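Remarks on the overall topology
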Amino acid sequence: MITRFAPSPTGPLHLGHAYSAILAHDMARAAGGRFLLRIEDIDRQRSRPEWEAQIYDDLAWLGLTWKEPVMRQSDRLNIYRQTLAELWENDLLYRCSCTRRDIEAATSAPQEGVSLGPDGLIYPGTCRESGARTAGEPLPDAVLRLYMDRAAAHCSFDEIGEAHCGTHSITPEQMIQNVGDIVLARRDMGTSYHLSVVLDDAAQGITHVVRGEDLFDATQIHVTLQKLLKLSTPTYCHHNLIRDNNGKRLAKRDDARAIAKYRAEGATPADIRRLVGL
Ligand code: GLU
């Protein structure tokens, strides 16, 4: 078994992150497997070296150990671009020049209603024809969307997390209707969370993806991309989210639940385990 913890260094780790990291670590250890760390720093605007340093520090304080080397997404941009180039050459991607407002205007036509997918508004397809690759055109530095109707195939994944335990099948129709033409390359990143996470989990040989429930809906996208890119599909374990006293899920900006804050107040790693119910 190989598990991973894949935080983004865009803020302090809070109790929800501690829960994910400890679960993934303990699962691998109980199975005699490996626990790996990956720094998801493709968002160059929001990622900071000091948050990355704090991640290592907090995890070590929690008593977690991981097998080196740590993978960093910012070191892998050429790998993401190479995969995008292949998809582009196979006419699976198109250039999109819509702003968020264009998409909102096109999707809020009264007869259509607003359709939300796991990735936000379902793209109405405006640029599908105008953004198509012309013969011989190299991968552009632009927003690139996936032609979902060309990319989706029947696939399935196993989930072992409590809330959605079982085998889930995915149909192309469901991907086209409920997810649509997702962005695989953002202009500011040159890639996207979905593409990078799929390539990285495969490159690290992850067998069990342990992460929060909030990413369950994104899993159909990841599994569809795995099938398209001929990568194997890991088992997924989406755990329940740690909520604050008002039942609201914790966000990075809620510094109140930051591990660093508990540490500063004298909590022990055993207290953190207890707080997250482990
Ligand atoms: N980097 C993501 C986050 O910090 C997690 C991605 C994943 O576990 O797939 O929310």
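Residues numbered from 1 in each chain as written. Predicted model: local features only at pLDDT ≥ 70, side-chain atom pairs only at ≥ 80, totals over all residues. Heavy atoms only, no water.

The following threshold applies: UniProt positions are given in the numbering used here, feature names are shortened, and annotations may be inferred rather than shown by experiment.
Looking up the protein in an unreviewed UniProt entry gives the name tRNA glutamyl-Q(34) synthetase GluQRS, with the organism given as Sedimentimonas flavescens. Listed under Sequence similarities (unreviewed entry) in UniProt, the entry text for the protein is "Belongs to the class-I aminoacyl-tRNA synthetase family."

**Regarding the sheet that holds strand β10 (residues 183–185)**
To be explicit about the condition: Following DSSP output, two strands are said to pair if at least two bridges run between them. A run of H or I in DSSP becomes a helix once it reaches four residues, and a run of E becomes a strand once it reaches two; helices and strands are each numbered from the N terminus. Interaxial angle, 0 to 180 degrees, is taken between N-to-C directions of lines fitted to C-alpha atoms, where a helix line uses only the stretch in contact.
Spatially, the three strands line up as an open sheet ordered β4-β7-β10, and their pairing is antiparallel. This sheet does not close on itself; its edge strands, each paired only once, are β4 (93–95) and β10. Taking each pair of neighbouring strands and ignoring which way they run, the sheet shows an average axis angle of 40°. As paired elements, strand β7 (residues 144–146) and β10 share two bridges and run antiparallel to each other. In the sheet register, L144 faces β10, and the bridge partner there is A185.

**Describing the site of the ligand**
Going by this rule: The cutoff for a nearby residue is simple: one of its non-hydrogen atoms must lie within 4 Å of the molecule or strand. What qualifies as a polar contact is a pair of N or O atoms within 3.5 Å, subject to a donor-acceptor requirement within protein and to the restriction that residues adjacent in sequence count only when both atoms come from side chains. The accessible surface values rely on the Shrake-Rupley method and a 1.4 Å probe; as for residues, cover is taken only from the protein chains in view. Classification convention: Asp, Glu, Lys, Arg as charged; Ala, Val, Leu, Ile, Met, Phe, Trp, Tyr, Cys, Pro as nonpolar; all other residues, Gly among them, as polar.
Residues in close proximity to the ligand include R4, A6, P7, S8, E40, Y193, V197, R211 and L215, which together make up its full environment. Side-chain polar atom of R4 to an oxygen atom of the ligand: 2.6 Å apart, as the coordinates give it. For the ligand, whose unbound accessible area comes to 300 Å², protein coverage reaches 80%. Here the residues of the shell around the ligand are counted per class, giving five nonpolar, one polar and three charged.

**Overview of the packing of aromatic side chains**
Applicable threshold: Here the aromatic set is Phe, Tyr and Trp, taking the six-membered ring for Trp, and pairing holds for ring centres within 6.5 Å; pairs whose planes are under 30 degrees apart are stacked, those over 60 apart are edge-to-face, and all others are tilted. We call a residue buried when its accessible area falls under 20% of the maximum for its residue type, exposed when it is over 50%, and partly exposed in between, using a 1.4 Å probe and counting protein chains only. Only lysine NZ and arginine CZ atoms are considered, and such an atom sits over a ring when it is within 6 Å of the ring centre and within 35 degrees of the ring normal.
On inspection of all chains with the given rule, the structure shows five aromatic pairs. The interplanar angle of 45° and the centroid separation of 4.5 Å between the aromatic rings of Y94 and Y147 together place this pair among those described as tilted. Of the two residues, Y94 is situated in strand β4 and Y147 in the loop between β7 and α5 (148–151); the sequence distance between them amounts to 53 residues. With centroids separated by 6.1 Å and ring planes inclined at 55°, the aromatic side chains of F157 and F216 adopt a geometry described as tilted. With a gap of 59 residues between them, F157 in strand β8 (residues 155–159) and F216 in the loop between β11 (208–212) and α8 (219–228) connect regions that are remote in the sequence. Pair check on accessibility: F157 and F216 agree, each one buried. Through a chain of ring-to-ring contacts, the aromatic side chains of Y94, Y123 and Y147 assemble into a single cluster. Above the plane of the ring of Y123 lies R145, whose end atom (NZ or CZ) is 3.8 Å from the centre. Geometry around Y147 places R150 over its ring, the cationic atom sitting 3.7 Å from the centre.

**Some points on the pattern of salt bridges**
The cut-off we apply is this: Salt bridges are counted wherever a side-chain nitrogen of Lys or Arg sits within 4 Å of a carboxyl oxygen of Asp or Glu.
Overall, the coordinates contain 20 salt bridges when judged by the stated rule. Between R4 and D201 there is a salt bridge, with its nearest N and O atoms 2.9 Å apart. One end of the pair, R4, is in strand β1 (residues 2–5); the other, D201, is in helix α7 (residues 193–203), with 197 residues separating them in the sequence. Each member of the pair, R4 together with D201, is buried. Between D200 and R38 there is a salt bridge whose closest N-O contact spans 3.7 Å. Here D200, found in helix α7, pairs with R38, found in strand β2 (residues 34–39); they are 162 residues apart in sequence, far enough to count as distant. Side by side, D200 and R38 carry an identical accessibility label, which is buried. Residues joined in a network through salt bridges with shared partners are R4, R38, E40, R76, D200 and D201.

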